[in-house]
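Descriptive structure summary
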Amino acid sequence: MEFLPGFGMLSPMPVHYTFTPDAPLTRRNTFRVPARAAWLAEIHDAAVIPEVLTLPQVKNLPLLVLGEGSNVLFTRDFDGLVLVMANRGIETLADDGETMLVRAAAGEDWHGLVRWSLAQGLCGLENLSLIPGTAGAAPIQNIGAYGVELSTTLESVAAFDRQAGAQVQLTRTQCDFSYRQSIFKQQPDRWIITGVDLHLHRNARLKLDYAGVREELAVMHVANPTALDVSEAVCRLRRRKLPDPAVIGNAGSFFKNPVVSTDQAARLQSAHAGLPIFNAPDGKKLSAAWLIESCGWKGFREGDAGVSDKHALVLVNHGHATGAQIWALAQRIRDSVQERFDIRLEPEPRIL
Ligand SMILES: Cc1cc2nc3c(=O)[nH]c(=O)nc-3n(C[C@H](O)[C@H](O)[C@H](O)COP(=O)(O)OP(=O)(O)OC[C@H]3O[C@@H](n4cnc5c(N)ncnc54)[C@H](O)[C@@H]3O)c2cc1C
């Protein structure tokens with residue numbers, strides 16, 4: 001049963017939101033695990049957020065904002081309101097010939113936005129090609145890939161602040177971004193992101209620090225790459241290395257790469273030959289995939305919950321695993337890494 005509040009069946013007016021009781025979430029999470037929401041609201045116009053939050057059926061219930069569900073794991077039904085930002089639109093706010101300020105609504109598909117920017121001849125998002133999800137979710141964990149994070153191009157975030165009961169515009173500094181972190185991740189119940197503003201360039205220097213990208217460009221016989229070439233190289237790498245959620249349920253990397261002190265990294269490296277170590281702003285970053293693979297988990301399967309045989313960091317649903325089963329496997333992996341390396345892995349997706 002679905003309600004379209006405020007608008008009759010024959011009304012010519014646009015639908016600003018839909019509101020559904022007892023809604024299935026299986027097709028709304030890329031792990032494809034079964035779960036239901038007591039209520040689901042799909043928002044097409046951010047202006048109706050205050051109205052939806054005060055609907056009598058849901059005003060006292062917990063709230064979960066959901067994009068495409070590519071970074072969540074439902075371990076049970078959600079006994080509250082799941083609010084999906086489905087507002088659309090990409091517009092140019094300013095253009096001085098060299099840089100462009102672009103505004104994207106939260107419900108825009110992230111990769112669609114990357115492709116749009118490339119079609120305008122803009123640089124800045126190419127390394128973040130093919131990351132699943134919505135533009136509105138991108139600031140939550142400051143999405144990053146192949147040496148680039150969202151925070152390098154993000155100008156500001158438009159959000160509904162539930163604490164203030166008002167729409168606000170947060171600058172990049174106010175978003176408090178770091179590796180897979182932001183103010184939005186720290187305060188998940190406070191913010192509903194309605195849009196992002198990005199600062200993109202026509203002639204910026206491409207980020208080719210990541211050896212894999214340079215090697216892929218060489219395989220493509222590209223000597224002087226454009227942003228479009230880098231995007232193509234990234235897409236080829238991702239298609240080869242990561243399981244496709246359309247084929248097998250997953251949420252990408254299940255654990256964050258742990259950051260440890262320089263001393264601890266040196267100790268670990270002398271005890272475990274081959275452990276890859278990378279520089280991080282606040283210490284040394286280790287490869288979570290390497291730690292997990294060393295514990296023998298790559299390709300492991302128990303029932304329908306498993307670890308990808310393509311990438312040890314990706315947990316997969318082979319068909320009918322529940323979120324609880326996947327979470328139980330994740331905890332076993334975490335415990336075994338802790339026992340062997342004395343490092344506590346932190347999950348990257350939101351566990352619900
Ligand atoms: C195959 C695969 C590869 C991936 N690769 C990468 C990668 O390279 N780098 C990377 O960083 N991530 C990666 N991810 C993770 C994921 O794609 C990103 O985190 C993405 O930004 C999630 O978008 P989403 O719309 O699916 O968000 P969801 O999964 O729906 O939500 C994620 C979190 O954001 C919150 N949220 C969502 N929308 C809003 C909003 N409008 N306002 C407030 N909160 C909101 C949710 O409450 C939840 O806490 C990958 C995932 C998959 C499946």
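In what follows, the structure referred to is the one given above.
My aim in this report is to walk through the structure given alongside it, one point at a time. Bear in mind that the values here come from a model prediction, so they are computed numbers and not experimental data. (Residues numbered from 1 in each chain as written. Predicted model: local features only at pLDDT ≥ 70, side-chain atom pairs only at ≥ 80, totals over all residues. Heavy atoms only, no water.)

Topic: the overall build of the protein chain
Secondary structure summary: the protein chain contains 9 helices and 20 strands in total. Here the C-alpha radius of gyration of the protein chain, 21 Å, is about what a compact globule of 352 residues would show, namely 20 Å. For the protein chain, the spread of C-alpha atoms along the three principal axes comes to 70 × 55 × 35 Å. Out of the 352 residues belonging to the protein chain, those deemed buried represent 47%. Within the protein chain, counting contacts between residues at least 6 apart in sequence, those at least 24 apart form 59% of the total. Counting every atom, the protein chain has about 16700 Å² of accessible surface; 51% of that belongs to carbon and sulfur. Here the protein chain contributes 35 positively and 38 negatively charged side chains, and the mean placements of these two sets differ by 4 Å. (Helix = DSSP H or I, 4+ residues; strand = E, 2+ residues; numbered from the N terminus. Rg over C-alpha atoms; globule rule 2.2 N^0.38 Å. Buried < 20%, exposed > 50% of the residue type's maximum accessible area, 1.4 Å probe, protein only. Contact = heavy atoms within 4.5 Å. Areas by Shrake-Rupley, 256 points an atom, 1.4 Å probe, with all protein chains shown as cover. Lys, Arg positive; Asp, Glu negative; His and termini not counted. Charge placed at Lys NZ, Arg CZ, Asp CG, Glu CD.)

What about the nonpolar core?
Ranked by size, the top nonpolar core spans 44 residues in total, and within it Phe74, Val82, Phe254, Phe255, Ile292 and Ile326 carry the most contacts. Of all the secondary-structure elements, those providing two or more residues to this core are strand S2 (36-43), strand S3 (63-66), strand S4 (72-73), strand S5 (78-85), helix H7 (262-271), helix H8 (288-294), strand S18 (305-307) and helix H9 (323-341). When residues of this core are assigned to their parent elements, the largest contribution, 7 residues, is made by H9. Not counting chain neighbours up to four residues away, the residues in contact with Phe74 comprise Leu25, Asn29, Val33, Ala35, Leu64, Leu66, Gly323 and Leu352. In this structure, Leu113, Val114, Ala135 and Val157 belong to the second largest nonpolar core, which totals 41 residues. (Core = buried A, V, L, I, M, F, W, Y, C linked by side-chain atoms within 4.5 Å.)

Some words on the state of the cysteines
For the structure on display, the rule yields 0 disulfides. Here Cys123 is not cross-linked by a disulfide; its sulfur's nearest cysteine counterpart is in Cys235, at 15 Å. When its relative accessible area of 9% is taken as the criterion, Cys123 is described as buried. Judged by its relative accessible area of 5%, Cys235 is buried. (Disulfide = S-S within 2.5 Å.)

Here we look at the sheet that holds strand S16 (residues 283-286)
Taken together, 3 strands build an open sheet; the order of strands is S14-S16-S15 and the sheet is antiparallel. Only two strands of the sheet have a single partner each, and these edge strands are strand S14 (259-260) and strand S15 (277-280). In terms of strand pairing, S14 meets S16 through 2 bridges, oriented antiparallel. Bridge assignment links Val259 to a residue of S16, and that residue is Lys285. (Pairing = 2+ DSSP bridges.)

The values are spatial; any link to function lies outside them.
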